[in-house]
Amino acid sequence: MPDHNEIYLNEAERYHELIAKQPNLRPAIEAIRPVKGLDVVDLGAGSGRLTAVLAGEAGSVIALDAQEAMLQVTAERLRHAGHTNWRTSAADHRSLPLENQSADLIVSGWSICYLGSDELPEWEQNIRQVIGEIKRVLRPGGTVILFETMGTGFETPNPPAFLKRYYAALENDYGFSHRWMRTDYMFDSPEQAEQLTRFFFGDELADRVAEQGLVHLPECAGIWWLQT
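Description of the structure in this document.

**Remarks on the environment of Ala12**
Then step 1. In this fold, Ala12 is placed in helix 2 (residues 12-19).
Then step 2. Residues Ala12 and Phe200, spaced 188 residues apart in sequence, show a C-alpha to C-alpha distance of 11 Å.
Then step 3. When residues no more than four places from it in sequence are discounted, the contact partners of Ala12 are Ile7, Ala69, Met70 and Val73.

Written as structure tokens, this is what we have:
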């Protein structure tokens, strides 16, 4: 499997080329909490997958990520779209540079999982700290919405084994509601599908993509949400 930290640090533009092939997630967010006029925080904003589609309706958006290189891509996208209601900041999910009760909505896409793998001895403490920070920053009646992988290359949920305990904790320990959705990739060509799949997901999946000549790569995502 490729080194995702290395990708986020040095290949932010190519990473964005990959995720741009997935559907707009704003409808999934709006189905849980309408965004219009809200103060929004995006944890692990990356190249702006969520920030960019929420900024037009939100009152304000703060994009946080551990990698400044990713935030530079987000900032350029927001400037290009003409948005002015945003700022970015490098941050660790476990210690957010935000005031108490300063956000109405916190979103996070495919990011907290890097702290929640049960291959990390401290994963439970990590998640406890992250959820504690989320609750600290949300205003009363605020909402948090998390997206995480339920399997790439699968048409029905097939979550990675090392994330199952984290997912169970969200529901059983922290009271999140949960459902799943499809977040399929629609590539421009079989060649692009193979190249970008190999870049981020590794050889096993990319070999299958190449062998089958796939342009449409199925993916499942879980959505967890909680109102404070």
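Structure's up, so let's keep going.
**Regarding the sheet that holds strand 4 (residues 103-109)**
Then step 1. Across the sheet, which stays open at both edges, the seven strands sit in the order 3-2-1-4-5-9-6 with mixed pairing between neighbours. Strands at the two margins of the open sheet, each flanked by one partner only, are strand 3 (86-90) and strand 6 (177-182). Sheet twist, expressed as the average angle between the axes of neighbouring strands with direction ignored, equals 20 degrees.
Then step 2. Pairing analysis gives five bridges linking strand 1 (residues 39-43) to strand 2 (residues 60-65), with the strands arranged parallel. When the bridges of strand 2 are listed, Asp39 appears paired with Ser60.

**Things to note about the environment of Asp104**
Then step 1. Relative to the assigned elements, Asp104 resides in strand 4.
Then step 2. Counting along the chain gives 73 residues from Asp104 to Ala31, while the straight-line C-alpha distance between them is 15 Å.
Then step 3. Not counting residues within four places of it along the chain, the set of residues in contact with Asp104 comprises Arg33, Leu38, Asp39, Leu138, Arg139, Gly142 and Thr143.
Then step 4. Of note is the side chain of Asp104, whose polar atom sits 3.1 Å from the side chain of Arg139.

**Describing the side chain of His4**
Then step 1. Its place among the elements puts His4 in helix 1 (residues 4-10).
Then step 2. The exposure class of His4 is buried, given its relative accessible area of 15%.

**Topic: the nonpolar core**
Then step 1. Ile106, Ile134, Tyr166 and Phe176 are the most contacted members of the largest nonpolar core, which totals 32 residues.
Then step 2. Among the secondary structure elements, those contributing two or more residues to this core are strand 1, strand 2, strand 4, helix 6 (113-116), helix 7 (123-137), strand 5 (138-152), helix 8 (164-172) and strand 9 (219-227).
Then step 3. Broken down by element, the residue count for this core peaks at six residues, all from helix 7.
Then step 4. In contact with Phe176, not counting residues within four places along its chain, are Ile131, Val144, Leu146, Leu170, Glu171, Trp224, Trp225 and Leu226.
Then step 5. One finds Ala28, Ile29, Leu50 and Leu54 within the second-largest nonpolar core, a separate group that totals 21 residues.

**Description of the layout of surface pockets**
Then step 1. In this structure, the largest pocket occupies an estimated 910 Å³ of space.
Then step 2. In this structure, the largest pocket is lined by 34 residues; those nearest its centre are Met1, His4, Pro160, Phe162 and Phe201.
Then step 3. Contributing elements (two or more residues each) for the lining of the largest pocket: helix 1, helix 2, helix 6, strand 5, helix 9 (190-201) and helix 10 (203-212).
Then step 4. Of the residues forming the lining of the largest pocket, the biggest block, four residues, is contributed by helix 10.
Then step 5. Class assignment of the residues belonging to the lining of the largest pocket gives a composition of 19 nonpolar, eight polar and seven charged.
Then step 6. Its volume calculated, the second largest pocket comes out at about 500 Å³.
Then step 7. In terms of lining, the second largest pocket is formed by 24 residues, of which the most central are Tyr8, Ala66, His93, Ser111 and Tyr114.
Then step 8. Of all the secondary-structure elements, those providing two or more residues to the lining of the second largest pocket are helix 1, helix 2 and helix 6.

The rules behind these values
- Here the residue index of a chain counts from 1 through its sequence in written order.
- Totals for whole chains, interfaces and linings use all residues, but because this is a predicted model, local features are given only for residues with pLDDT of at least 70 and pairs of side-chain atoms are given and counted only at 80 or more.
- Excluding hydrogens and water, the side-chain values take into account all heavy atoms of the structure.
- Helix numbering and strand numbering both begin at the N terminus, where a helix is a DSSP run of H or I of at least 4 residues and a strand a DSSP run of E of at least 2.
- Between two residues, a contact is recorded if the distance between any of their heavy atoms is within 4.5 Å.
- Any two strands between which DSSP finds at least two bridges are classified as paired.
- Every axis in this analysis is a line fitted to C-alpha atoms, fitted for helices over the stretch in contact. Angles between the N-to-C directions lie between 0 and 180 degrees.
- Under the rule applied, a polar contact is a pair of N or O atoms within 3.5 Å (in protein, one hydrogen donor and one hydrogen acceptor; residues adjacent in sequence only if both atoms are side-chain atoms).
- To sort residues, take the accessible area from a 1.4 Å probe on protein chains only and compare it with the maximum for the residue type: under 20% means buried, over 50% means exposed, and anything in between is partly exposed.
- The definition of a nonpolar core used throughout is a set of buried Ala, Val, Leu, Ile, Met, Phe, Trp, Tyr and Cys residues joined through side-chain atoms within 4.5 Å.
- Think of a 1 Å grid over the protein atoms and nothing else: a 1.4 Å probe that fits but is trapped marks a cavity, an open set flanked by protein within 12 Å on at least five of seven lines marks a pocket, and residues with an atom within 4 Å of a point count as lining.
- Grid points are joined across faces, edges and corners, and a volume is the space filled by probe spheres set on the points.
- Charged residues are taken to be Asp, Glu, Lys and Arg, nonpolar residues to be Ala, Val, Leu, Ile, Met, Phe, Trp, Tyr, Cys and Pro, and polar residues to be all remaining types, Gly included.

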